[in-house]
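Spelled out, the chains give:
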Amino acid sequence: MTENNEKSRYIIECDNLVKIYKTPDIEVLALQGLDLTVEYGEMTAIIGNSGSGKSTLLNMLGGLDRPSAGKLIVDGKDLFKLSDKELVKYKQQTVGFVWQNNARNLLPYLTAVQNVMMPMLFSGEEKKRQRAEMLLDMVRLSHRKNAKLSTLSGGEQQRIAIAIALSNHPRLLLADEPTGSVDQKTSDYILDMLRDINKSSGVTIVIVTHDQLLAKKVSRVVAIRDGKISSERIMKESYLKRLSDISNETSVEQVQDEYVVMDRAGRIQLPSDMLKTLGVTSNRLQMEMKNGEIVIRKPQEE
């Protein structure tokens, strides 16, 4: 369980999380001291370049991979201490996963409703078909419940995948590029649906995405760089009820305030675009306190 009442509001607690992948020839540090908390009921997007560590984090949250060091607690469960049997139960009951590749979500020889019922065969759910039909209605596909996958569009298949991920009443829904293989109109539709599910069911949703429009339409965006959280963006109050106004032309600065994240040692990662704008070519910066603010500038000799 979590350590105190204050922390109990967090469904995800990552503290100095480290993941090292080893082969006979090389050792890769995928996560290097990552700190992250996510509250129950939040809908959060995680962004980052390829190799930044975001997929590694998602796999560990989903119980698909084990951390190397640090602390990882999800819904009061310490994932370091879970046995293999407890980890299987965790994956069945606590977390749901939506993959970008539909082949990992769906069985092509089953109908839509049969696909949604499949995970419930391993649970105590009594009214399996009734719940499956309710979930298909939630993702607005009840009229396609008896359709085979070959007759469904990519967007419809992804919505079925979301219903499957919700079938066993998870507390946490993890989505890996859920709009990566669909057009912009379908992407908007899927995001609106995820937001509705988040509000109506209270399930916490964490999305890994490259889709900048999707990232602009969630209340919190966490950026990972070099295996650590580098910054967060929080949606401005003025846009919380105006999500339909956000388009590709709307700038991130209009929609969200950006914050640099500081670790426990007081270290921060400065965004590379800011350093490039400053023209910094070395690993040294000048810093001073001025009028109650910390000012960072390029060294004069550069």
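Residues numbered from 1 in each chain as written. Predicted model: local features only at pLDDT ≥ 70, side-chain atom pairs only at ≥ 80, totals over all residues. Heavy atoms only, no water.

**Description of the overall build of the chain**
This is how it is decided: Under the scheme used here, helices are H or I runs from DSSP no shorter than 4 residues and strands are E runs no shorter than 2 residues, and both carry numbers assigned from the N terminus. In this treatment the radius of gyration is a C-alpha quantity, and the globule benchmark scales as 2.2 Å times the residue count to the 0.38 power. Only protein chains enter the accessibility calculation, which uses a 1.4 Å probe. A residue is then buried if its area is under 20% of the maximum for its type, exposed if over 50%, and partly exposed in between. Contacts between residues were defined by any pair of non-hydrogen atoms, one from each residue, lying within 4.5 Å.
Counting its regular elements, the chain contains nine helices and 13 strands. Taken over the C-alpha trace, the chain has a radius of gyration of 21 Å; the compact-globule value for 302 residues is 19 Å, and the two agree within 12%. Counting only residues that meet the buried cut, the chain has 47% of its 302 residues in that class. Long-range pairs, those at least 24 residues apart, make up 63% of the contacts in the chain with a sequence separation of at least 6.

**Points about helix 6 (residues 184–201)**
Just so we agree on the cut-off: Helix span is expected to be 1.5 Å times the residue number reduced by one.
The end-to-end C-alpha separation of helix 6 is 25 Å, in line with the 26 Å expected for 18 residues at 1.5 Å each. Burial in helix 6 covers these residues: Ser187, Ile190, Leu191, Met193, Leu194, Arg195, Ile197 and Asn198. For helix 6, the secondary structure elements touched by its buried residues are strand 3 (43–47), helix 4 (128–138), helix 5 (154–165), strand 7 (172–176), strand 8 (204–208) and helix 7 (212–216).

**Overview of unusual backbone geometry**
If you check the backbone angles, Arg140 has positive phi at about 60° while not being a glycine. As for its placement among the helices and strands, Arg140 is situated in the loop between helix 4 and helix 5. Backbone geometry places Glu177, a non-glycine residue, at a positive phi of 50°. Looking at the secondary structure, you find Glu177 in the loop between strand 7 and helix 6. For Glu177, a relative accessible area of 10% corresponds to the buried category.

**Observations concerning the packing of helix 5 against helix 6**
To keep things clear, this is the line we draw: Each axis is a line fitted through C-alpha atoms, and for a helix only the stretch in contact is used; angles between axes span 0 to 180 degrees, taken between their N-to-C directions. An angle counts as roughly parallel when it lies under 35 degrees, as roughly antiparallel when it exceeds 145, as roughly perpendicular when it falls between 65 and 115, and as oblique in every other case. Each crossing gets its handedness from the near helix: less than a right angle anticlockwise from the far helix is left-handed, clockwise is right-handed. Under the scheme applied here, ten amino acids are nonpolar (Ala, Val, Leu, Ile, Met, Phe, Trp, Tyr, Cys and Pro), four are charged (Asp, Glu, Lys and Arg), and all others, including Gly, are polar.
One can describe the packing of helix 5 onto helix 6 by two numbers: an axis separation of 10 Å at closest approach and a directional angle of 20°. Classified by the angle between their axes, helix 5 and helix 6 sit roughly parallel to one another. The interaxial crossing formed by helix 5 with helix 6 has right-handed handedness. Along its contact with helix 5, which presents Gly155, Gln158, Arg159 and Ile162, the element helix 6 presents Thr186, Tyr189, Ile190, Met193, Leu194 and Ile197. Of the residues belonging to the contact of helix 5 with helix 6, the class tally is six nonpolar, three polar and one charged.

**A word on the sheet that holds strand 11 (residues 256–260)**
For sheets, the rule is that strands pair by backbone hydrogen bonds, running either parallel or antiparallel. Which entries qualify depends on this criterion: Strands qualify as paired when DSSP identifies two bridges or more between them.
One open sheet holds the seven strands; their spatial order is 6-7-8-3-9-10-11, and the pairing between them is mixed. The strands lining the two open edges of the sheet, one partner per strand, are strand 6 (95–98) and strand 11. Looking at each pair of strands side by side, their axes are set apart by 20° on average, direction ignored. As judged from the four bridges shared by strand 3 and strand 9 (residues 220–225), these two strands associate in the parallel manner. By the bridge assignment, Ile46 is partnered in strand 9 with Val222.

**A word on the packing of aromatic side chains**
Geometry of an aromatic ring pair is reported as the spacing of the ring centres plus the angle between the planes. We count it as follows: Aromatic rings from Phe, Tyr and Trp, taking only the six-membered ring of Trp, are treated as a pair when their centres fall within 6.5 Å; an angle between ring planes under 30 degrees marks them as stacked, one over 60 as edge-to-face, and anything in between as tilted. Here, a charge over a ring means that NZ of Lys or CZ of Arg falls within 6 Å of the ring centre while also lying within 35 degrees of the ring normal.
Here the structure, examined in full by the defined rule, presents one aromatic pair. Relative to Trp99, the ring of Phe97 has its centre 4.2 Å away and its plane inclined at 5°; by these criteria the two rings are stacked. Taking the relative accessible area as the measure of exposure, Trp99 reaches 11% and is therefore buried. Between Arg140 and the ring centre of Tyr189, over which it is positioned, the NZ or CZ distance is 5.1 Å.

**Brief notes about the sheet that holds strand 4 (residues 69–74)**
What the four strands build is an open sheet, ordered 2-1-4-5; its pairing is antiparallel. The open sheet has two edge strands with one neighbour each: strand 2 (27–39) and strand 5 (77–78). When strand 1 (residues 10–22) meets strand 2, the two strands line up antiparallel, connected through 10 bridges. Bridged to Leu17 within strand 2 is Leu34. Strand contacts of helix 1 (residues 54–61): strand 1, strand 2 and strand 4, with the helix running at about 115° to strand 1, the strand carrying the most contacts.

**Some thoughts on the pattern of salt bridges**
Selection rule: Take a side-chain nitrogen of Lys or Arg and a carboxyl oxygen of Asp or Glu: if they are within 4 Å of each other, that pair is a salt bridge.
Applying the stated rule across the entire model yields 15 salt bridges. Note that Asp196 is salt-bridged to Arg140, the shortest N-O span being 2.5 Å. Of this pair, Asp196 sits in helix 6 while Arg140 sits in the loop between helix 4 and helix 5; the two residues are 56 residues apart in sequence, bridging distant segments of the chain. According to the relative accessible area criterion, Arg140 is partly exposed, its value standing at 30%. Across the salt bridge formed by Arg144 and Glu156, the nearest N and O atoms sit 3.9 Å from each other.

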